Each structure stands twice: as structure tokens, then as C-alpha cells.
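This is what each chain is made of:
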Amino acid sequence: VGARRGGEPPVMAADIARLRATGFAPSITLEDGLAALWSAAGGVTQPSPPAEYDHAARLFRADRREEARASVQAVLAQQPDHPAALNLLGVLHRQRGDFAGARACLERAAALDPNNETAWINLGNVHLDMEAAEAAVDAYTRGLAASPQRTDTLRLLGNALARAGRDAEAITRLDHAV
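Residues numbered from 1 in each chain as written. Predicted model: local features only at pLDDT ≥ 70, side-chain atom pairs only at ≥ 80, totals over all residues. Heavy atoms only, no water.

Break down the packing of aromatic side chains for me, with residues and values.
Following the criterion strictly, the structure yields 0 aromatic pairs and no others. Positioned above the aromatic ring of Phe60, the side-chain terminus of Arg65 is 4.1 Å from the ring centre. (Phe/Tyr/Trp six-rings, centres within 6.5 Å; stacked < 30°, edge-to-face > 60°. Lys NZ or Arg CZ within 6 Å of the ring centre and 35° of its normal.)

What follows is the structure, encoded as C-alpha cells:
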């Protein structure tokens, strides 16, 4: 390991190339692996919030929900306005049945990044879980405005419109989704 500069691990292109040449296929990024090696060798670096968020997302995809929750909460402790982390925490709350907690996280994520259709879709899903069909219609409409090409959002919007008793609008939206 090279000399430490400013507390950051030296990421050597040659080291990365050598590892890749051996066919090494890590389950974590090479940069995270090198940071872990640096730490084990006496370095004191901590993962940056983006790296920690990526770690939380990998844990979530691996169905390691409690570890993902702890990891995403660590991100939010450092960056309380991290929209992707708020979105992920909202999804985790929803999966545990904590719809109020999910709604709070997802509303904040959508407010911070109003063009993030995923936050709006997740918020719409929570509203439907809470039997708030009109609020779901609003969330799905905002998600559709952020990404008009998403037919899955059209289907979700059509379903929410039907649950809100707005059948004619639901049929129109569902027809466009096909």
C-alpha cells in the first residue's frame, strides 16, 4: 500500500488492473475492497456517503433488510437530505408495515428530488396501502410527469383512479398503458 495522503487510501490503477487480470470478480466494488484493505492495514478511512448508500442498496437487493436499514440510516446521519437514501428507507418502512414512517421518508425524498419518478411511485404505493386513493393519484401523476414514458406508472395511476371511483379516467389511463 502506498503512502497515505489526506487520510484517503491510495487507489492504484495498476492494483485494480492486476486484480481484474486474475479474473477476480468481487461482490463489492474494487474501490470498496481496497478501502477495506487500507483500513485493515491501519488506515482510518470511513466509506463516503455515496459509497455507504451503494452498500445499503446492495444489502437491500441481497434481501438483507436489517443491515440495509442500519446502513441507510448511517447515510442519513451524515446527509439527512439524501433523496435516494430517504427513498430506500421509505421502502424499508413500508415492507415492515410502518406506512406513516414510509410516507414521511418518501414525501421528503420526492420533495428533495421532484423529478425522481421512483420516489413518487413508492409514495403512491404507500398511499394505496393507507387507503388514500386520491393521494395515490396525485403521487402517480407526479411520477408520470417526471417520466412520461413509463407505462407501469400509467397502470398504477389507472388502478388508483379506479380505487378512487374515477372509472372513466381509469379506463383512459389503462388504455394508454397497453
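Quick one: what's the story with the packing of helix H5 (residues 83-95) against helix H6 (residues 99-112), residue by residue and with numbers?
Taken N-terminus to C-terminus, the directions of H5 and H6 make an angle of 160°; their axes are 8 Å apart at the nearest point. The orientation of H5 relative to H6 falls into the category roughly antiparallel. Every pair of crossing elements has a handedness; the one defined by H5 and H6 is left-handed. Between H5, through Pro83, Leu86, Asn87, Leu89, Gly90, His93 and Arg94, and H6, the contact on the second element is made entirely by Phe99, Gly101, Ala102, Cys105, Leu106, Arg108, Ala109 and Leu112. The residue inventory of the contact of H5 with H6, partitioned by class, reads 9 nonpolar, 4 polar and 2 charged. (Axes fitted to C-alpha atoms, helices over the stretch in contact; angles between N-to-C directions. Helix = DSSP H or I, 4+ residues; strand = E, 2+ residues; numbered from the N terminus. Parallel < 35°, antiparallel > 145°, perpendicular 65-115°, else oblique. Left-handed = near helix turned anticlockwise from the far one by under 90°. Contact = heavy atoms within 4.5 Å. Nonpolar A, V, L, I, M, F, W, Y, C, P; charged D, E, K, R; others polar.)

Kindly report on the nonpolar core, identifying the contributing residues and their values.
Counting residues in each nonpolar core, the largest one holds 25 residues, and the members touching the most others are Tyr53, Phe60, Val72, Ala85, Leu88 and Leu92. Elements supplying a minimum of two residues to this core: helix H3 (49-61), helix H4 (65-78), H5, H6 and helix H7 (117-129). Among residues more than four places away in sequence, those in contact with Leu92 are Phe60, Arg65, Ala68, Arg69 and Val72. Counting residues in hydrophobic clusters, the runner-up holds 13 residues, among them Leu128, Ala133, Leu157 and Ala160. (Core = buried A, V, L, I, M, F, W, Y, C linked by side-chain atoms within 4.5 Å. Buried < 20%, exposed > 50% of the residue type's maximum accessible area, 1.4 Å probe, protein only.)

Any details on the packing of helix H9 (residues 151-163) against helix H10 (residues 167-177)? Residues and values, ideally.
It is at 8 Å that the axes of H9 and H10 come closest, and there the two elements cross at 165°. In terms of orientation, H9 and H10 fall into the roughly antiparallel class. Considering how the two elements wind past one another, H9 and H10 form a crossing that is left-handed. Of the residues in H10, those touching H9 at Thr151, Leu154, Arg155, Leu157, Gly158, Asn159, Leu161 and Ala162 are Asp167, Glu169, Ala170, Arg173, Leu174, His176 and Ala177. Partitioned by chemical class, the residues of the contact of H9 with H10 number 7 nonpolar, 4 polar and 4 charged.

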